[in-house]
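# Structural overview
Here's the letter readout for the chains.
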Amino acid sequence: MHLLETPEFVTALELWRQGEYWEVHEALEPLWMRLRGPEREFTQGVILLAAALHKAKSSPSGGWRNFTKAVRHLEVIPPTYQGVRVAELIEEVRAALRDPERTPAFPYLR
């Protein structure tokens, strides 16, 4: 299965582009519950990155806590996974947490 082609990820990526991070979490959670192995770890990491961006709006320290959890899930994933440049995604979110005016990209190969 190619995760980015699932209806859940298609929706989540559009929501990410719109800055609707809580909704990214909501879109991916049903998929995450069905997955196993690296696909599950990757999806959990993306959910937590979205949660970090959402939480940071009201609590920067809460955003960083979710970010740390996300990195733990994503550090076991190859640097490019299912077309997503994972290390770059982590850095995009880290930069956005440091600068709330920044909109993080979701770097993937089309």
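Details of the structure are given in the entry above.
The paragraphs below set out a description of the structure included in this document. (Residues numbered from 1 in each chain as written. Predicted model: local features only at pLDDT ≥ 70, side-chain atom pairs only at ≥ 80, totals over all residues. Heavy atoms only, no water.)

Counted at 1.5 Å a residue, the expected span for helix α4 (residues 60-74) with its 15 residues is 21 Å, and the 21 Å between its end C-alpha atoms agrees. Those residues of α4 not exposed but buried are Gly 62, Gly 63, Asn 66, Phe 67, Ala 70 and Leu 74. Looking straight down α4, one finds that the buried residues subtend no more than 140° of arc, so they occupy a single side. (Helix = DSSP H or I, 4+ residues; strand = E, 2+ residues; numbered from the N terminus. Expected span 1.5 Å × (residues − 1). Buried < 20%, exposed > 50% of the residue type's maximum accessible area, 1.4 Å probe, protein only. Arc of directions from axis to C-beta.)

Where empty space is left becomes clear once a probe the size of a water molecule has been rolled over the atoms. Empty space within the largest pocket amounts to approximately 230 Å³. Lining of the largest pocket is provided by 13 residues; of these, Leu 53, Ala 56, Lys 57, Ala 96 and Pro 100 occupy positions nearest its centre. Among the secondary structure elements, those contributing two or more residues to the lining of the largest pocket are α3 (37-56), α4 and α5 (86-98). If you tally residues by element for the lining of the largest pocket, the top one is α5, at three residues. (1 Å grid on protein atoms, 1.4 Å probe; cavity = no way out; pocket = protein on both sides within 12 Å on 5 of 7 lines; lining within 4 Å. Points joined across faces, edges and corners; volume = space filled by probe spheres on them.)

Time to look at unusual backbone geometry. Of note, the phi angle at Gln 82 is positive, near 50°, even though the residue is not glycine. Mapping Gln 82 onto the fold places it in the loop between β1 (80-81) and β2 (84-85).

What follows deals with α5. Relative to the 18 Å expected for 13 residues at 1.5 Å per residue, α5 spans 19 Å between its end C-alpha atoms, a close match to the ideal helical length. Within α5, burial applies to Val 86, Leu 89, Ile 90, Glu 92, Val 93, Ala 96 and Leu 97. Projection of α5 onto a plane perpendicular to its axis shows the buried side chains occupying an angular sector of 160°, all on one side. Tucked into the core, α5 has its buried residues touching α1 (7-17), α3, α4, β1 and β2. (Contact = heavy atoms within 4.5 Å.)

Right, let's get into the nonpolar core. Soluble globular proteins tend to pack their nonpolar side chains together in the buried interior. Phe 9, Trp 16, Phe 42 and Phe 106 are the most contacted members of the largest nonpolar core, which has 36 residues in total. Secondary structure elements with two or more residues in this core: α1, α2 (21-34), α3, α4 and α5. The residues contacting Phe 106, other than those within four sequence positions of it, are Phe 9, Leu 13, Trp 16, Val 46, Val 84 and Leu 89. (Core = buried A, V, L, I, M, F, W, Y, C linked by side-chain atoms within 4.5 Å.)

Limitation: the analysis is restricted to geometry and does not speak to function.
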